[in-house]
Amino acid sequence: MNFYRTTRLMLSGAAFFSLAGSAFALDGTDLLNKINAAYAAQGGTIAAENIDIDGTTVTLKNVTLKPTGGESLPIGEITLSGVEEDEDGGYYIEEAAFPDINKTQDGVTVTAQELTLGGISVPATAGGDTLDTMMLYETAHTGPLKVVKDGAEVFSLLQTDMNLTLREDESGFDFDGAFKSMKADLSKAEDAQSKDAIEKLALQHVQGDITMKGAWELAPGTIDISEFAFDFTNIGKLNLGFKISGYTMAFMKSMQDAMKESEANPNKEQSQQALGLAMLGLMQQLSFEAAQVRFEDASITKRALDYAGSQQNMSGKQMADSLKAMTPIMLAQLNIPELQNAVSAAVNTFLDDPKSLTVKAAPEKPVPFPTIVGAAMGAPNTLPQVLGVKVSAND
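Per an unreviewed UniProt entry, the protein goes by Transmembrane protein and derives from Rhizobium aethiopicum.

Spelled out as structure tokens, the structure:
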């Protein structure tokens, strides 16, 4: 009797766990639907012929991506690993792995490997203006990327990495990214004039990195790009930065809604006009806080002066002297005496000893975009003062 009782309990337990496993199994269709609902804000649809589920791994097979108003693009098989469903009906995906790219068209072959997204949060309900209605990722990575034309490699990239970190109080994001070891072969330029310029400037083989760093504070909608740098060997480093406010979640949703409405309008001319007006209206919500452009020379300036001078039958030094003489004359036409002296001094300093050239705009308080537009249209010579523009060299 005890044997049968024990057997019955074991069978009942097995049945319970079987039912429990079935109850908690992932719903691949629901996952894809919610990914699409979130992705729709970017103007596209993802379709899969089959969805396979193995524990916490979801495999989307024969995936195609269809941009709004465009043709379907075949992607292949996407593997979603470490998938978990949240209590609110959303999902967390530990990693999404995409198939390698190997496409050839018109003698040009593009290959890319190790394409992944990590830490993806899929909202239960998308399309709102709060953080929990956005689809977010924590990391994005690509491995080697190459472009080969007629059998010769013309461009390559070792890897790219993007990181997005949500602050603990969920007040905003910090993000950074890097495009590492970028190489471009310009030696095979076909145009004779371009080929001559490339050789004189020693740009046959360009190599460098692109890096970026920034933050987005959600409540005031402040986007601060502190670094967007192009750093190339034997050329120089160009670093761009800017800071604006007013780019809130509500602003972003309004912009997406305006674009959707425009795409849905069959009258393209009318839709473009309506979209333009909508964007002008939205721009009134934005304010300018700061910007900076800085170039640090790594020998390209001298080569550029030598090349430009050779086109005018003069030396590089003579070309530099000519530019120094022309700068105040050209600036005088703009009627900005305060900035004219600073720019002339900076240009003279830089051309005499090329190290760095910096242009900064830092108003005392944020300037609404309509104010900037009004000044540009009505009194452009007042813009440097409105934006707090300063120019310096070798600092």
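Once you've had a look at it, read on.
On to the overall build of the protein, then. Across its full length, the protein carries 10 helices and 18 strands. Computed over C-alpha atoms, the radius of gyration of the protein comes to 28 Å, more than 25% over the 21 Å expected from 2.2 N^0.38 for 395 residues, which places it beyond the range of a compact globule. Considering only C-alpha atoms, the protein reaches an extent of 110 × 50 × 45 Å along its principal axes. Residue burial in the protein is summarised as follows: out of 395 residues, 33% are buried. Sequence-distant contacts in the protein: of pairs separated by 6 or more residues, those separated by 24 or more amount to 54%.

Summed over all chains, the structure comprises 15 salt bridges. The closest approach of N and O atoms between Glu-296 and Arg-294, which form a salt bridge, is 3.0 Å. One network of salt bridges, with partners in common, ties together Lys-317, Asp-321, Lys-324 and Asp-352.

Residues Leu-238, Val-293 and Val-359 make up a contiguous nonpolar surface patch of roughly 190 Å² in combined accessible area. Its location among the elements puts Val-293 in strand 15 (residues 287-297). Val-293 gets classed as partly exposed once you look at its relative accessible area, which sits at 40%.

It is the contact of helix 4 (residues 249-264) with helix 5 (residues 268-283), at a shortest axis distance of 8 Å, that shows an interaxial angle of 170°. Comparing the axis directions of helix 4 and helix 5 gives the class roughly antiparallel. Listed contacts from helix 5 to Phe-251, Ser-254, Met-255, Ala-258, Met-259, Ser-262 and Glu-263 of helix 4 are Lys-268, Ser-271, Gln-272, Leu-275, Ala-278, Met-279, Leu-282 and Met-283. Taken together, the residues that form the contact of helix 4 with helix 5 break down as 9 nonpolar, 4 polar and 2 charged.

Our next topic: helix 7 (residues 316-332). Helix length check: helix 7 (17 residues) gives 25 Å between terminal C-alpha atoms against 24 Å at 1.5 Å per residue, within 8%. Remark: the principal bend of helix 7, roughly 30°, maps to Met-326, with a proline, Pro-328, within the next four residues. Residues Gly-316, Met-319, Ala-320, Lys-324, Thr-327 and Leu-331 constitute the buried set of helix 7. Buried residues along helix 7 sit against helix 6 (300-311) and helix 8 (337-352).

A few words on the packing of aromatic side chains. Here the structure, examined in full by the defined rule, presents 4 aromatic pairs. Ring plane angle 45° and centroid distance 5.1 Å describe the contact between Phe-228 and Phe-230, whose orientation is recorded as tilted. A relative accessible area of 25% means that Phe-230 is categorised as partly exposed. Through pairs of rings, three or more aromatic residues link up here, namely Phe-173, Trp-216, Tyr-247 and Phe-251.

Examined against the element boundaries, Thr-327 turns out to sit in helix 7. In this view, Thr-327 contacts Val-343, Ser-344 and Val-347; residues no more than four positions away in its chain are not counted.

Once that is clear, we can look at the packing of helix 7 against helix 8. Two elements in contact, helix 7 and helix 8, have axes separated by 10 Å at closest approach and are oriented at 170°. With respect to helix 8, the element helix 7 is oriented roughly antiparallel. When helix 7 is examined against helix 8, the residues Ala-320, Leu-323, Lys-324, Thr-327, Pro-328, Leu-331 and Ala-332 are found in contact with a partner set consisting of Gln-340, Val-343, Ser-344, Val-347, Asn-348, Leu-351 and Asp-352.

What follows is about the domain arrangement of the protein. For the protein, the assigned domains read domain 1 (23-103 + 112-139) and domain 2 (249-284). Once you take the C-alpha centre of each, domain 1 and domain 2 turn out to be 27 Å apart. Residue-level contacts link 9 residues of domain 1 with 7 residues of domain 2. Summing both sides of the interface, domain 1 and domain 2 together bury roughly 610 Å²; the carbon and sulfur share of this comes to 69%.

Okay, unusual backbone geometry next. Not every positive phi belongs to a glycine, and Asn-335 is a case in point at roughly 60°. Checked against the element boundaries, Asn-335 lands in the loop between helix 7 and helix 8. Non-glycine residue Asn-394 carries a positive phi angle of around 55°. Residue position: Asn-394 is located in the segment after strand 18 (389-393).

Scoring rules and cut-offs
Residues numbered from 1 in each chain as written. Predicted model: local features only at pLDDT ≥ 70, side-chain atom pairs only at ≥ 80, totals over all residues. Heavy atoms only, no water. Helix = DSSP H or I, 4+ residues; strand = E, 2+ residues; numbered from the N terminus. Rg over C-alpha atoms; globule rule 2.2 N^0.38 Å. Buried < 20%, exposed > 50% of the residue type's maximum accessible area, 1.4 Å probe, protein only. Contact = heavy atoms within 4.5 Å. Salt bridge = Lys/Arg side-chain N within 4 Å of Asp/Glu carboxyl O. Patch = residues over 30% accessible without salt bridge, like charges linked within 9 Å, V, L, I, M, F, W, Y side chains within 5 Å. Areas by Shrake-Rupley, 256 points an atom, 1.4 Å probe, with all protein chains shown as cover. Axes fitted to C-alpha atoms, helices over the stretch in contact; angles between N-to-C directions. Parallel < 35°, antiparallel > 145°, perpendicular 65-115°, else oblique. Nonpolar A, V, L, I, M, F, W, Y, C, P; charged D, E, K, R; others polar. Expected span 1.5 Å × (residues − 1). Bend = angle between axes of the 7 residues up to and from the residue. Phe/Tyr/Trp six-rings, centres within 6.5 Å; stacked < 30°, edge-to-face > 60°. Domains from an automatic or database assignment. Buried area = accessible area lost by both parts, 1.4 Å probe.

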